[in-house]
Amino acid sequence: MPKITIQDFLKKKAEKQKITMITAYDYPFAKIVDEAGIDGIIVGDSVGMVVQGLENTLHVTMDEMIYHTKIVSRAAQNAMVIGDLPFMSYQTSIEDCIKNAGRFLKEAGATAVKIEGSAEVAGHIRALSKSDIPVMAHIGLTPQSIHRMGGYKVQGKTEESAKRLLEEAHVAEDAGAFSLLLEAIPMGLAKKITEELSIPTIGIGAGPHCDGQVLVLHDVIGLFDRFLPKFAKRYTNLKDEALRAIKAYREEIEKGIFPSDEQSFK
Ligand code: KIV
């Protein structure tokens, strides 16, 4: 199967086929995701929370994102890899934005980048697409704005904020974004945005009407146990499975069962 392209995303929207996406941060899981036939992998700055054990995503650095994106790209034969621009890698200037986004394609093998925001970064989105760096914009709950938003809260619930998000969606499309991520917004609003835009919408906590869906891998496989957002679904519990296996290993060492003859050399 050839590598999924931006054109495949647009074609899927046109043909009303759902786009499947998930996050990944390392080689073994990116390989599993790729084998599962997922269309796109976002190497999200959520790595800060689900891998690095941080409280939020703000501390993740550009070099860390490059490291993770590079090893995910190595594993992804078919899935499109999208690198997530971390906090302060683009807010400082359009020039910084282009330099850092370019690193995802040049050093880390990504096909595209994701940027949080729309209207406030319209110039950045325009400059990225002019530089041949495909960009996914991200509106609604944008975790890098946690302090301004006062926590991880559903956005667009009032008439006024819904109107603003609809406008922002159009700004992202007009500025040249190839797709738009909608996080934690009412499903009716996500439906309206999806119907009005010609670029695909990818939802996370935005209901079933988006052109595609994304979730954080560690929520899906039960490896992040601090909390499970209402919009996430746990399909298995790898933490329990790993705990069971590692406890069994410990007990076998303590009882002298492991290693047995089978694991020993004569
Ligand atoms: O950082 C992240 O994992 C995200 C998801 C919404 C894809 O931004």
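Residues numbered from 1 in each chain as written. Predicted model: local features only at pLDDT ≥ 70, side-chain atom pairs only at ≥ 80, totals over all residues. Heavy atoms only, no water.

## Looking at the overall build of the chain
Each helix and strand counted, the chain has 11 helices and 8 strands in total. Whereas a compact globule of 266 residues would reach a radius of gyration of roughly 18 Å, the chain reaches 20 Å, a difference of no more than 12%. Expressed as lengths along the three principal axes of its C-alpha atoms, the size of the chain is roughly 70 × 40 × 40 Å. Sorting the 266 residues of the chain into buried and exposed places 50% on the buried side. Sequence separation of at least 24 residues holds for 59% of the intrachain contacts in the chain that already meet a minimum separation of 6. Here the chain has roughly 13,400 Å² of accessible surface; of this, 56% comes from carbon and sulfur atoms. Mean positive and mean negative side-chain charge positions of the chain (32 and 36 charges, respectively) differ by 2 Å. (Helix = DSSP H or I, 4+ residues; strand = E, 2+ residues; numbered from the N terminus. Rg over C-alpha atoms; globule rule 2.2 N^0.38 Å. Buried < 20%, exposed > 50% of the residue type's maximum accessible area, 1.4 Å probe, protein only. Contact = heavy atoms within 4.5 Å. Areas by Shrake-Rupley, 256 points an atom, 1.4 Å probe, with all protein chains shown as cover. Lys, Arg positive; Asp, Glu negative; His and termini not counted. Charge placed at Lys NZ, Arg CZ, Asp CG, Glu CD.)

## Considerations on the environment of Tyr67
Its place among the elements puts Tyr67 in helix H4 (residues 62-75). Sequence spacing of Tyr67 and Phe104 is 37 residues, and the spatial spacing of their C-alpha atoms is 9.7 Å.

## Some thoughts on the site of the ligand
The local shell around the ligand consists of Thr23, Ile42, Gly44, Asp45, Ser46, Asp84, Lys114, His138, Glu183, Ile204 and Val216. Between the ligand and Asp45, the relevant distance is 3.0 Å, taken from an oxygen atom to a side-chain nitrogen or oxygen of the residue. Separating an oxygen atom of the ligand from a side-chain N or O atom of Ser46 is a distance of 2.5 Å. For the ligand, whose free accessible area comes to 260 Å², the fraction covered by protein is 96%. Residues belonging to the shell around the ligand are distributed by class as follows: 3 nonpolar, 4 polar and 4 charged. (Near = heavy atom within 4 Å. Polar contact = N/O pair within 3.5 Å; in protein donor to acceptor, adjacent residues only side chain to side chain. Nonpolar A, V, L, I, M, F, W, Y, C, P; charged D, E, K, R; others polar.)

## Focus: a nonpolar patch on the surface
Together, Ile246, Tyr249, Ile253 and Phe258 line one region of the surface with nonpolar side chains, adding up to about 390 Å² of accessible area. Within the secondary structure, Ile253 is located in helix H11 (residues 238-254). What makes Ile253 partly exposed here is its relative accessible area of 41%. (Patch = residues over 30% accessible without salt bridge, like charges linked within 9 Å, V, L, I, M, F, W, Y side chains within 5 Å. Salt bridge = Lys/Arg side-chain N within 4 Å of Asp/Glu carboxyl O.)

## Considering the side chain of Ser46
Position of Ser46 among the secondary structure elements: in the loop between strand S2 (40-43) and helix H3 (47-50). One polar contact links Ser46 to Tyr25, side chain to side chain, over a distance of 2.7 Å. In contact with Ser46, not counting residues within four places along its chain, are Thr23, Tyr25, Val51, Thr57 and Val216.

## Comments concerning the domain arrangement of the chain
As assigned here, the chain comprises domain 1 (6-235) and domain 2 (237-266). On a C-alpha basis, the centroid separation for the pair domain 1 and domain 2 is 39 Å. (Domains from an automatic or database assignment.)

## Section: the packing of helix H8 (residues 159-175) against helix H9 (residues 187-196)
Where H8 meets H9, the axes come as close as 10 Å, and the angle between the chain directions of the two elements is 25 degrees. With respect to each other, H8 and H9 are oriented roughly parallel. Crossing of H8 over H9 shows right-handed handedness. Mapping the contact onto sequence places Ala162, Leu165, Leu166, Ala169 and His170 in H8 and Leu189, Lys192, Ile193 and Glu196 in H9. (Axes fitted to C-alpha atoms, helices over the stretch in contact; angles between N-to-C directions. Parallel < 35°, antiparallel > 145°, perpendicular 65-115°, else oblique. Left-handed = near helix turned anticlockwise from the far one by under 90°.)

## Some details on the pairing of S2
Burial along S2 is two-sided: the residues Gly40 and Ile42 and Ile41 and Val43 are all buried. Taken together, the 3 bridges between strand S1 (residues 19-23) and S2 define a ladder with parallel strand orientation. In the sheet register, Ile22 faces S2, and the bridge partner there is Ile41. Handedness of the crossover joining S1 and S2 through helix H2 (residues 27-35) is recorded here as right-handed. (Pairing = 2+ DSSP bridges. Right-handed = clockwise from strand over helix to strand, strands pointing away.)

## Regarding the pairing of strand S7 (residues 201-204)
Because side chains alternate across S7, one face comprises the buried residues Thr201 and Gly203, and the other comprises Ile202 and Ile204, equally buried. For strand S6 (residues 179-183) and S7, the ladder comprises 4 bridges, and the chain directions are parallel. Residue pairing for S7: Glu183 is matched across the bridge by Ile204. Two elements, S7 and strand S8 (residues 212-215), share 2 bridges in a ladder whose sense is parallel. Paired with Ile202 across the strands is Gly212, a residue of S8.

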